[in-house]
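# A structural walkthrough
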2 protein chains.
Amino acid sequence: MAISERKKKILAAVVEEYIRTAEPVGSKAIAQTAGLGCSSATIRNELAELVNMGYLEQPHTSAGRVPTPMGYRMYVNELMQMQKLSLEETEEINQRLNTKLQELDDTISQVSRLASQLTDYPALALTAQSAVTIKRFDIIYVDANTFIIVAMMSNNTVKNKLVRLPVSVNEGLMKKLSALFNANFTGISEDQITPLLINSTERAADDTMGITSVIASFAIEILSEADKPMAFVTGENRLLNQPEYRDPDKAHRLMSYLSTGGHILPPADNMAGSEEVRVLIGPENVAEELKDSSVVIASYDAGDNTRGLIGVVGPTRMDYSAVAAKLSFLAAGLSRRLGGGEAPVEGMHNKLIIKGDDPIEHR
Amino acid sequence: MAISERKKKILAAVVEEYIRTAEPVGSKAIAQTAGLGCSSATIRNELAELVNMGYLEQPHTSAGRVPTPMGYRMYVNELMQMQKLSLEETEEINQRLNTKLQELDDTISQVSRLASQLTDYPALALTAQSAVTIKRFDIIYVDANTFIIVAMMSNNTVKNKLVRLPVSVNEGLMKKLSALFNANFTGISEDQITPLLINSTERAADDTMGITSVIASFAIEILSEADKPMAFVTGENRLLNQPEYRDPDKAHRLMSYLSTGGHILPPADNMAGSEEVRVLIGPENVAEELKDSSVVIASYDAGDNTRGLIGVVGPTRMDYSAVAAKLSFLAAGLSRRLGGGEAPVEGMHNKLIIKGDDPIEHR
DNA sequence: TATTAGCACTCGAAATGAAAGAGTGCCAAC
DNA sequence: GTTGGCACTCTTTCATTTCGAGTGCTAATA
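Residues numbered from 1 in each chain as written. Chains lettered and ligands numbered in written order. Predicted model: local features only at pLDDT ≥ 70, side-chain atom pairs only at ≥ 80, totals over all residues. Heavy atoms only, no water.

### What to know about the sheet that holds strand β4 (residues 134-143) of chain B
Backbone-to-backbone hydrogen bonds pair the strands of a sheet. The strands run either parallel or antiparallel. All names here are of chain B. What the three strands build is an open sheet, ordered β4-β5-β6; its pairing is antiparallel. A strand with exactly one partner marks an edge of an open sheet, and here the two such strands are β4 and β6 (158-164). Neighbour-to-neighbour, the strand axes of this sheet turn through a mean angle of 15°, independent of strand direction. Of the strand pairs in this sheet, β4 and strand β5 (residues 146-153) are connected by eight bridges, and their pairing is antiparallel. By the bridge assignment, Ile-134 is partnered in β5 with Met-153. Lying over the sheet, helix α9 (residues 211-227) contacts β4, β5 and β6, oriented at roughly 35° with respect to β5. (Pairing = 2+ DSSP bridges. Helix = DSSP H or I, 4+ residues; strand = E, 2+ residues; numbered from the N terminus. Axes fitted to C-alpha atoms, helices over the stretch in contact; angles between N-to-C directions. Contact = heavy atoms within 4.5 Å.)

Below, the structure is given as C-alpha cells:
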C-alpha cells in the first residue's frame with residue numbers, strides 16, 4: 001500500500017514530536033500541532049493504519065504512538081529536511097576547527113570532542129586508513145650512544161624516535177645506514193620489510209651491533225601504526241542526558257562498548273566518495289550492542305584519496321536532522337583543511353605565539 | 001575520649017562490611033563476623049558510642065550503621081592494612097606495563113587506562129610538570145619548500161614539525177639557522193625567547209623570509225606544551241557500577257566533571273618525595289563536585305626530579321585497601337621505568353617486531 | 001466515501017494502605 | 001561490664017484503588 005501524503009505529514013509530526021518530548025504522541029497533540037485541518041478522530045484512523053503498515057507502534061493499548069525503526073527510516077529518507085545551521089553555529093564550528101590545526105592525530109581527537117559537544121551525544125572519529133609509506137629517513141647522530149631516527153611519511157607526517165645504546169657507534173656507520181635506509185626502505189609497505197632485506201642491509205653497512213634491526217623495527221612499528229585507523233571516542237557520558245539511558249545498566253553497557261573502540265563505524269571505504277551523511281537506525285546496526293541505538297556518520301577527505309569518519313551515537317529517538325546537519329558541516333570543514341594530500345602550508349604571517357588549548361586529553 | 005581497642009575492631013568491621021555490601025551494617029552481622037566474643041547487645045552499645053564520637057552514622061533510626069568520612073579517615077589512617085597483591089596480579093601489572101613502553105604521553109594515558117581496569121573505578125593520570133628546555137635543534141632540509149625541525153628536549157623526548165613554505169629557501173640558510181638556534185635557543189625557557197632574541201638571530205642569519213620566526217614559534221609552542229602537565233582521564237563509565245551512582249544525574253555530574261580534566265588532582269609537587277599513597281575522603285576534597293566521593297592518589301618518579309600522579313576516583317565507600325595497594329604498585333613500576341631522567345635504553349635484544357596494542361584512543 | 005462526535009474501555013502511573021522485617025534502644029538480670 | 005528480651009521505629013514491599021490519557025468503535029453527518 002502506498003503511503004498517502006497526509007499519512008506522511010502525520011508520520012513526520014509523530015516523529016518530530018517524539019524526538020522533542022520522548023513521550024508517546026497522541027492523536028490530539030497532532031491534530032493541534034500539525035496544521036492539517038482534520039479532527040483527532042481522523043488522525044486516529046490514520047495512526048491505526050500507520051501502525052498496521054509498521055511505521056509506528058504503541059507501547060500498550062491506551063498510549064500514544066512511537067515511531068518504529070522503519071518509521072524513523074522513512075522519516076530520514078523522505079520526510080526530514082536537513083536542518084540549516086544558524087550563522088552563529090557555523091561560525092563557531094569554523095572557529096573551533098581553526099584553532100585545532102595541529103598534528104593529525106590530535107586534530108582528529110579534537111574533532112571528535114567537538115562533534116560530541118555540538119550534538120550533545122557521544123561522538124567518535126576515525127582516522128583514514130591509507131597505504132602510508134616512508135618517504136625519507138634521517139638519522140641524527142647525537143653522541144656515541146644516542147641517535148634520533150626521523151622518518152617522513154608519504155602523507156607528510158613525521159615520526160621520530162630517540163635511541164640510546166649500551167654500546168657506542170660512530171657517525172660513519174650512521175651515515176652509511178642513513179643512505180641505505182633511504183635507498184631500500186622508502187616507498188615500501190610493512191610486509192616488504194623482510195628479514196632478508198634487513199640482513200642484506202646489515203651486511204652492506206658493516207653493522208655488527210644490530211643497529212640496522214633497531215631502525216628496521218622502528219620502520220615496521222610506524223608503518224603498522226599508520227596502517228591502522230585510529231579511533232577516538234568522546235563524550236560517552238552525554239548518553240546519560242537521554243531518557244532512554246536512564247537505566248544505569250543499559251547506559252553502562254553501551255558506554256563500555258563505545259569506549260572499547262571503533263568497531264562501531266563501518267570501514268571508511270564503504271563511504272568512499274560519498275559526501276552524504278549516513279544514518280544507521282536501531283536494528284540496522286550490525287553490533288548487538290547498538291541494536292536499539294542509532295548512529296549518524298559523515299566522512300571527510302583526509303587527503304591522499306583516503307577518507308576518515310566522524311560519527312555520533314544516540315538513541316533511535318535521535319535528532320537526526322540537527323545531527324546530520326552538524327556532522328555534515330563539520331566533515332566538510334575538516335575536508336577543506338586536510339584534503340589535497342598536502343600538509344598545510346606554513347604562512348609567513350603566522351602569529352609568533354601559537355597558543356594551544358587546554359591540554360586535557362580526557363578519555 | 002580515646003577510642004578503645006574493641007571499638008577500633010568494631011569500626012574496622014563496619015567499614016569493611018559496608019565496603020563489601022554497600023548496605024548499612026547491623027550489630028548482629030558484626031557479632032558474627034568480627035571475632036570478638038561478645039553479643040550483639042554489647043556491640044550495639046559500642047556502636048551507639050561510635051555514633052556519638054562521629055565515626056559512624058545511621059541513615060535513620062532503625063537501620064544499621066554507615067561510616068562517616070571521619071570513620072573512613074580513622075580506618076585509612078590506623079585500622080586498614082594495605083592489601084597485599086597476589087602474585088598473579090603483580091605479574092599482570094608488570095607485564096602490561098612492559099608492553100606499554102612507548103612515547104611518554106602515550107605511556108601515561110595507557111597507565112591511566114590500566115589503573116582504571118585494575119581498580120574498576122575511573123582513573124586519571126597526570127604527567128609530571130617540569131622545567132623542560134630544548135637540548136638540541138636539527139633542521140632537515142627536504143626540498144626548497146620543505147624542511148623538518150627536530151628538537152630534542154632536556155627530558156629526552158623528541159618533537160618535530162614539518163614546515164612547508166610558499167617561497168623557496170636554500171640549504172645554506174638552513175645550516176646557518178640550525179647553528180644559530182643550537183647556540184642561542186637551547187637550555188632556555190619559554191619566556192627567555194624574546195622578540196629581541198628572535199630579531200637578532202634573524203639578522204645574524206641573513207634571513208629575509210621570516211623563517212627564523214617560524215622556528216622560534218615552534219620552539220615556543222613545544223616549550224609551553226611541555227611545561228603544562230597533561231591529564232588523562234579514563235573509565236569514567238565504571239562509576240555506573242557503583243550503587244551510589246545509580247542516579248544518572250549524579251553520575252553524569254561527576255562524570256562530566258571528571259572528563260573536563262585534571263583539576264581533580266592536587267599539584268604534583270605536593271606529593272614530592274612521598275612514596276606514599278594519599279587518600280582524600282569526601283569533604284576533604286576541595287572541589288565541590290567531589291565532596292561525596294573519594295580520591296586515591298599515588299605519585300611516580302618521572303625522572304628529572306619530577307613526579308607525576310596516578311589517581312582513582314570513587315564513592316567514599318571505596319575499597320581503599322585494594323586501590324591503594326594497586327596504585328602504589330603501579331606507581332612504583334612506572335617509577336622504575338621512567339625514573340633516573342634517562343630515556344630507556346634500546347637493548348640489542350629487541351624483538352624485531354614490536355607490536356603495538358589496539359589503536360583505540362578512547363576518550 | 002471520508003470525516004467527525006461521542007462514549008465505553010483499557011491500561012499504566014500515581015496514590016494509598018497494610019503487613020513484614022530489620023535493627024535499634026533500653027531495661028532488668030547476671 | 002555484659003547479656004537476653006522486648007517494645008518501638010522506620011523502611012521496604014506488595015496489593016489495592018484511583019485517576020486520566022488515549023484508544024477503538026459506532027453511529028451520525030457532509
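The structure having been displayed, the exposition proceeds.
### Some points on the pairing of β6 of chain B
Where a strand is regular, its side chains alternate between the two sheet faces. Residue and element names in this part refer to chain B. Within β6, five of the seven residues are buried, which leaves it mostly tucked inside the rest of the structure. Taken together, the seven bridges between β5 and β6 define a ladder with antiparallel strand orientation. From the neighbouring strand, Met-152 faces β6, where its bridge partner is Val-158. Between β5 and β6, which follow one another and run antiparallel, lie four residues, and Asn-156 among them has a positive phi close to 65°. (Buried < 20%, exposed > 50% of the residue type's maximum accessible area, 1.4 Å probe, protein only.)

### Considerations on the nonpolar core
In terms of nonpolar packing, the biggest core is built from 58 residues, with Ile-30, Leu-50, Ile-310, Tyr-320 and Leu-330 of chain A touching the most fellow members. Looking at this core element by element, the count peaks at nine residues for helix α11 (residues 320-338) of chain A. Each of domain 1 (5-79) and domain 2 (87-129 + 229-361) of chain A gives at least three residues to this core. Once residues within four sequence positions are removed from consideration, Tyr-320 of chain A is found in contact with Ile-19, Tyr-72, Val-76, Met-80, Val-279, Ile-281, Ser-294, Val-296 and Pro-315 of chain A. With 57 residues, the next largest nonpolar core counts Val-14, Tyr-72, Leu-79 and Val-312 of chain B among its residues. (Core = buried A, V, L, I, M, F, W, Y, C linked by side-chain atoms within 4.5 Å. Domains from an automatic or database assignment.)

### Quick notes on the pattern of salt bridges
All names here are of chain A. Applying the stated rule across the entire model yields 28 salt bridges over all chains. In this structure, the salt-bridge partner of Arg-73 is Glu-284, at a minimum N-O distance of 2.5 Å. In this pair, Arg-73 sits in helix α4 (residues 69-79) while Glu-284 sits in the loop between β8 (278-281) and β9 (293-301), placing the two residues 211 residues apart along the sequence. Overall, Glu-284 belongs to the partly exposed group, its relative accessible area being 35%. Note that Lys-250 is salt-bridged to Asp-292, the shortest N-O span being 3.4 Å. Of this pair, Lys-250 sits in helix α10 (residues 248-259) while Asp-292 sits in the loop between β8 and β9, placing them 42 residues apart in sequence. Given the relative accessible area of 23%, Lys-250 is considered partly exposed. In this structure, a network of salt bridges that share partners links the residues Arg-6, Lys-7, Glu-46 and Glu-49. (Salt bridge = Lys/Arg side-chain N within 4 Å of Asp/Glu carboxyl O.)

### Details of the protein's contact with DNA strand C
Taken together, 20 residues lie around DNA strand C, and Arg-6, Ser-39, Thr-42 and Ser-62 of chain A together with Ser-27 of chain B are the ones closest in. Sugar plus phosphate, as a fraction of atoms of DNA strand C within 4 Å of the protein: 76%. Taking Ser-27 of chain B, its side chain carries an N or O atom lying 2.7 Å from a phosphate oxygen of DNA strand C. Arg-44 of chain B has a polar side-chain atom sitting 3.2 Å from a base nitrogen of DNA strand C. Contributions of two or more residues to the surface near DNA strand C are made by α3 (40-53) of chain A together with α3 (40-53) of chain B. Looking at which element gives the most residues to the surface near DNA strand C, the answer is α3 of chain A, with four residues. Of the residues in the surface near DNA strand C, the class split is four nonpolar, 12 polar and four charged. (Near = heavy atom within 4 Å. Polar contact = N/O pair within 3.5 Å; in protein donor to acceptor, adjacent residues only side chain to side chain. Nonpolar A, V, L, I, M, F, W, Y, C, P; charged D, E, K, R; others polar.)

### Considerations on the environment of Ala-29 of chain A
Structurally, the position occupied by Ala-29 of chain A is in helix α2 (residues 27-33). Distance from Ala-29 of chain A to Val-14 of chain A, taken between C-alpha atoms, is 9.1 Å for residues 15 residues apart in sequence.

### A look at the sheet that holds strand β3 (residues 123-126) of chain A
All names here are of chain A. Judged by pairing direction, the sheet is antiparallel, and its five strands sit side by side in the order β7-β3-β10-β9-β8 without closing on themselves. Strand pairing shows two members of the sheet lacking a second neighbour, β7 (231-234) and β8, which therefore form its edges. In this sheet, neighbouring strand axes are inclined to one another by 15° on average, regardless of whether the strands run parallel or antiparallel. Two strands pair when backbone bridges link them, and β8 and β9 are joined in this way by four bridges, in the antiparallel orientation. Pairing of Val-279 across the sheet is with Val-296, part of β9.

### Some thoughts on the packing of helix α8 (residues 195-204) of chain B against α9 of chain B
Residue and element names in this part refer to chain B. Relative to each other, α8 and α9 sit at 140°, their axes nearing to 9 Å. As summarised for this structure, α8 and α9 are arranged oblique, according to the angle between their axes. Our pair here, α8 against α9, has a crossing hand that is right-handed. Residues Ile-198, Thr-201 and Glu-202 of α8 form the contact with α9, whose own contacting residues are Thr-212, Ser-213 and Ala-216. Here the residues of the contact of α8 with α9 sort into two nonpolar, three polar and one charged. (Parallel < 35°, antiparallel > 145°, perpendicular 65-115°, else oblique. Left-handed = near helix turned anticlockwise from the far one by under 90°.)

### Some words on the protein's contact with DNA strand D
Around DNA strand D lies a shell of 20 residues, among which Ser-27 of chain A together with Arg-6, Ser-39, Thr-42 and Ser-62 of chain B are the nearest. Restricting attention to atoms of DNA strand D within 4 Å of the protein, one finds that 74% of them are sugar or phosphate atoms. One of the side-chain nitrogen or oxygen atoms of Arg-6 of chain B is found 2.8 Å away from a phosphate oxygen of DNA strand D. Here a phosphate oxygen of DNA strand D sits 2.9 Å away from a polar atom, N or O, in the main chain of Ser-39 of chain B. If you list the elements that add at least two residues to the surface near DNA strand D, you get α3 of chain A together with α3 of chain B. When residues in the surface near DNA strand D are grouped by element, the largest group, four residues, is from α3 of chain B. For the surface near DNA strand D, the class distribution of residues is four nonpolar, 12 polar and four charged.

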